[in-house]
Structure formats: C-alpha cells, structure tokens
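# Descriptive analysis of the structure
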Amino acid sequence: MKSILAFLLVLLGTCAESNIQMNQTRRHHVKDGFQNPGKVQDHGFGDFLVWQWQRFWQDTSHLEPEKYANFPIFQKPEIERIRNNKGKFSATWIGHATTLIQIEGKNILTDPIWSQRCSPVSFAGPKRYTQPGIARIEQLPKIHFVLLSHNHYDHLDLPTLKALDKKFHPLFLVGLKNKQFLSSQGLENIIELDWWDDINRDGLRIVFTPTQHFSARTPFDRNETLWGSYIVQGEKNSFYFAGDTGYFSGFSEIAKKFPNIDLAIVPIGAYEPRWFMKPVHMNPSDAIQAFVDLQAKFMLPIHYSTFVLTDEPLNEPLKKTILGFQKRELQRTALLDLKIGESHFWQDEKVLGDNDAFPSELENVTK
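Here's what I pulled together on the structure shown here. Along each chain, numbering runs from 1 in the same order as the chain's sequence is written. pLDDT decides what is reported in this predicted model: residues at 70 or higher carry local features, side-chain atom pairs at 80 or more are listed and counted, and totals for whole chains, interfaces and linings draw on all residues regardless. Here the side-chain values reflect all heavy atoms present in the structure, with hydrogen atoms and water set aside.

For the rest of this paragraph, the subject is the overall build of the protein. In DSSP terms, a helix is any run of H or I states spanning at least four residues, a strand is any run of E spanning at least two, and both are numbered starting from the N terminus. A count of helical and extended segments in the protein gives 10 helices and 15 strands. For the exposure calls, accessible area comes from a 1.4 Å probe over protein chains only, and a residue counts as buried if that area is under 20% of its type's maximum, exposed if over 50%, partly exposed in between. A buried classification covers 58% of the 367 residues belonging to the protein. Counting only contacts in the protein whose residues sit at least 6 apart along the sequence, the fraction spanning at least 24 positions is 73%. As displayed, the protein has an accessible area near 16200 Å², and 50% of this comes from carbon and sulfur atoms. Two residues qualify as a contact provided that any one of their heavy atoms is within 4.5 Å of a heavy atom in the partner residue. Method for areas: the Shrake-Rupley scheme with a 1.4 Å probe, in which residue coverage is limited to the protein chains shown.

Here's what the structure looks like:
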C-alpha cells in the first residue's frame, strides 16, 4: 500500500496547458500531446497494480535504506575548487539525475532536486535516503542554465527551481508545453524546445534531443508535455544528458548528428521489474549499450542511490555497470562512477583526444 500511495503522489499535481500549437506533421506530435519515436509498449495503471500485487508477496526488505547506511556513495565536495573554476570542463554528481557541469566558464544544472521527497507534498511520497552532494543551493557557483528533461517529480522539482531562480535567475530549458506551467509558478526565464531545436547562448549550442520515456504530473495529463535529452556543445567540449529514458535506436542517431561527444550522462537505475520498467528506464546493460551507441569518451552514471523508486537492490546498478564494462572489455577509465558530491576535472588534452572510450572492434557490439 505504501508503494501505491507513493506512486499516486508522484502523479498528482497541477496540470497546465500551453499556447504552443501542435505540429502533427512531426511524427512525435499527436492530437493530444506527444509520443515516442518508435512503437513502445505502454504500461498503464492496470499493469502498475499487477506489479504492486506481485510486490505484496515478495520480500522487499532489501529496499530499506537503513541496510545501506555504510555504502560508500558520498564524498565531501570540493566546493571552493568548483566555485573558483574559471574554464576547465568538469562534472559533479549531486545525486539522482542532478549534475553540475562546468563547461567553458558556464555552470549548468541537470534536473535539479534538493527536496527531501520527489512528490507534490512534503509529508509523503518517495523520500531521498542520501543527501545532495552539495548540501545547499547557496554553495553553488552562479548557475547559468538549468536543463529539464521532463516533468516527473524526481526531475522537475518546483521548490528547487524556485530557489535557483531566486538565487541565480538562470535560463530554464524545457520541452514543449512545459513553459506555461513553470510560468504559473513564478518562473520567467524559460525557453521551450521541440526535439532537434537548438539555441545558441554565451558561446554554447544547446540542442533538445529525443528519448524514449513519457510525461505526467497527474493521472490525467499523460504525455501532454514533451520529454527529451540534451546535447551541449562549446568551442572545446561537449556533453550529452539523457535525463530519463528506455533504450532505443535514437542514441545512434544522436551520435551521427553530434560526433565526438566528450561526456554522456546516462541513467542506470530504477529498472525492476523489467517487464514493467523496460520501455521507460534503462538497466545497466542498456545504459552501457547507449554509451557505446553515442560513441562518447566518458560515461557518467546517474539515477541511482538517491530515491527508492523500484525493486532492484539499492547498490546493484553501479555494481552491474562496472561488471558490464569488464565483460565487454570497455576501458575502465571511461566510466566515471562518481560518488555523490564527487567531481571530475579534465585537462583539455585528455578530453579532446581521439575517441578511445572503447576498442574499435566493440563499437557495433550488441547486448
């Protein structure tokens, strides 16, 4: 029953309309919203109830956060180094899908959430069992851009967005039909993007790219707003932020359009039970294949060790990702398995060299 309540709370909230006109000449535009790039099995509320019924008869004690109290997932952040970074390419994992990327003098947050619950209310819903890697928003450097992949509560957290807007007034980037909702909450500096739309600001090109997922903040607004991922290109460096997605052929398409990606930020958690989660969440094997498809130099795994959302053990995603790299003979140094709060700073020559993240004979390997 607690899981059902948590799920329903994640879906509850304020539904907002938009003045954006749908363009049904684009295949992902449909009459009432949007659809995924290819044919995807859509698991509705009935399937969710089946999952919860199965869960009722299973031992879920492995999901209790107390069992992982000593799991080494947190590192004291290098706050002064981050705040004084004037130009080096760096990545800091703050937790869940929240990363701080510093690229050519600009600071970018992805799907920021500092709230204790990913829920429309503060007293119930999925609760974080690890604190943000940078404890307070006030400790951040000036934030220039916020990339929002979709409107689920663990990715679009209104209290955090309002705090960031008050402190830094960054530019918020969102998919189509999300702007009016954010504007209704007092945010002003917002740009909506369709898949493959781009903007050029402050020396950066930011492109909104497809993913295989869905959107909803209530039981009644499924897929009314657009979800997606991002490519960010500077003069020297580039990175990809996947947001939340199932595995799909679009990763290869993105690689063709944007070669030489330095860093791929890819989710590896929230994948069990597989029959229910596979269309919308990658497991470690899927995430590694996505990394290979993207032909990026480095992979930063995210979307684990923060909230209890699904059925896999809390420390399993990273273990399986490391094992997957070993089995496929991918270079271990290409996997940036950062602890929460940990940063990685690149020297330019290490990032901009030839793409050596995996042996050439493995580029087309299949799962």
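We now examine the side chain of aspartate 154. Relative to the elements of secondary structure, aspartate 154 occurs in the loop between β6 (145-147) and α4 (158-168). Not counting residues up to four positions away in its chain, the partners in contact with aspartate 154 are His96, Ile113, Cys118, His303 and Leu309.

On to the environment of glutamate 312, then. You can see glutamate 312 is positioned in the loop between β14 (298-302) and α9 (316-327). Given a relative accessible area of 7%, glutamate 312 falls into the buried group. The spatial distance from the C-alpha of glutamate 312 to the C-alpha of leucine 63 is 7.6 Å, given a sequence separation of 249 residues. In protein, a polar contact means a hydrogen-donor-capable atom and an acceptor-capable atom, both N or O and within 3.5 Å, with residues adjacent in sequence counting only if both atoms are side-chain atoms; elsewhere, any N or O pair within 3.5 Å suffices. One polar contact links the side chain of glutamate 312 to the main-chain amide nitrogen of alanine 270, over a distance of 2.7 Å. Among the polar contacts made by the side chain of glutamate 312, one reaches the main-chain amide nitrogen of glutamate 272 at a distance of 3.2 Å.

With respect to topology, 6 strands assemble into an open sheet ordered β9-β10-β11-β12-β13-β14, the strand pairing being mixed. What marks the edges here is a single partner per strand, and that holds for β9 (198-201) and β14. Averaged over all neighbouring strand pairs, the angle between strand axes comes to 15 degrees, with direction disregarded. Pairing between two strands requires that DSSP report at least two bridges joining them. Both strand β12 (residues 238-241) and strand β13 (residues 263-267) contribute to a ladder of 3 bridges, which runs parallel. Across the sheet, phenylalanine 241 pairs through a bridge with isoleucine 265, a residue of β13. To define axes, lines are fitted to C-alpha atoms, for helices over the stretch in contact only, and angles between the resulting N-to-C directions are given on a 0 to 180 degree scale.

Any Phe, Tyr or Trp ring, taking Trp's six-membered ring, that has another such ring centre within 6.5 Å forms a pair; planes under 30 degrees apart are called stacked, those over 60 apart edge-to-face, and the others tilted. Summed over all chains, the structure comprises 11 aromatic pairs. Judged by centre distance (5.8 Å) and plane angle (35 degrees), the rings of tyrosine 247 and phenylalanine 251 are tilted. A relative accessible area of 0% means that phenylalanine 251 is categorised as buried. Here the aromatic rings of tryptophan 275 and phenylalanine 276 are separated by 5.5 Å at their centres, their planes lie at 70 degrees, and the arrangement is edge-to-face. Every member of this aromatic cluster is reached through a ring pair, and the members are Tyr240, Tyr247, Phe248 and Phe251. Only when the NZ of Lys or the CZ of Arg is both within 6 Å of the ring centre and within 35 degrees of the ring normal is a charge said to sit over the ring. Residue placement shows arginine 81 over the ring face of phenylalanine 345; its charged tip is 3.8 Å from the ring centre. One Lys or Arg, arginine 217, reaches over the ring of tyrosine 153 and ends 3.9 Å from the middle of that ring.

As a further point, take the sheet that holds strand β15 (residues 343-345). Judged by pairing direction, the sheet is mixed, and its 7 strands sit side by side in the order β8-β7-β6-β5-β4-β3-β15 without closing on themselves. One side of each edge strand has no neighbouring strand; the edge strands of this open sheet are β8 (190-193) and β15. On average, adjacent strands in this sheet sit at an angle of 20 degrees to one another, irrespective of strand direction. Direction of pairing for β6 relative to strand β7 (residues 171-175): parallel, over a ladder of 3 bridges. Bridge pairing links valine 146 to phenylalanine 172 in β7.

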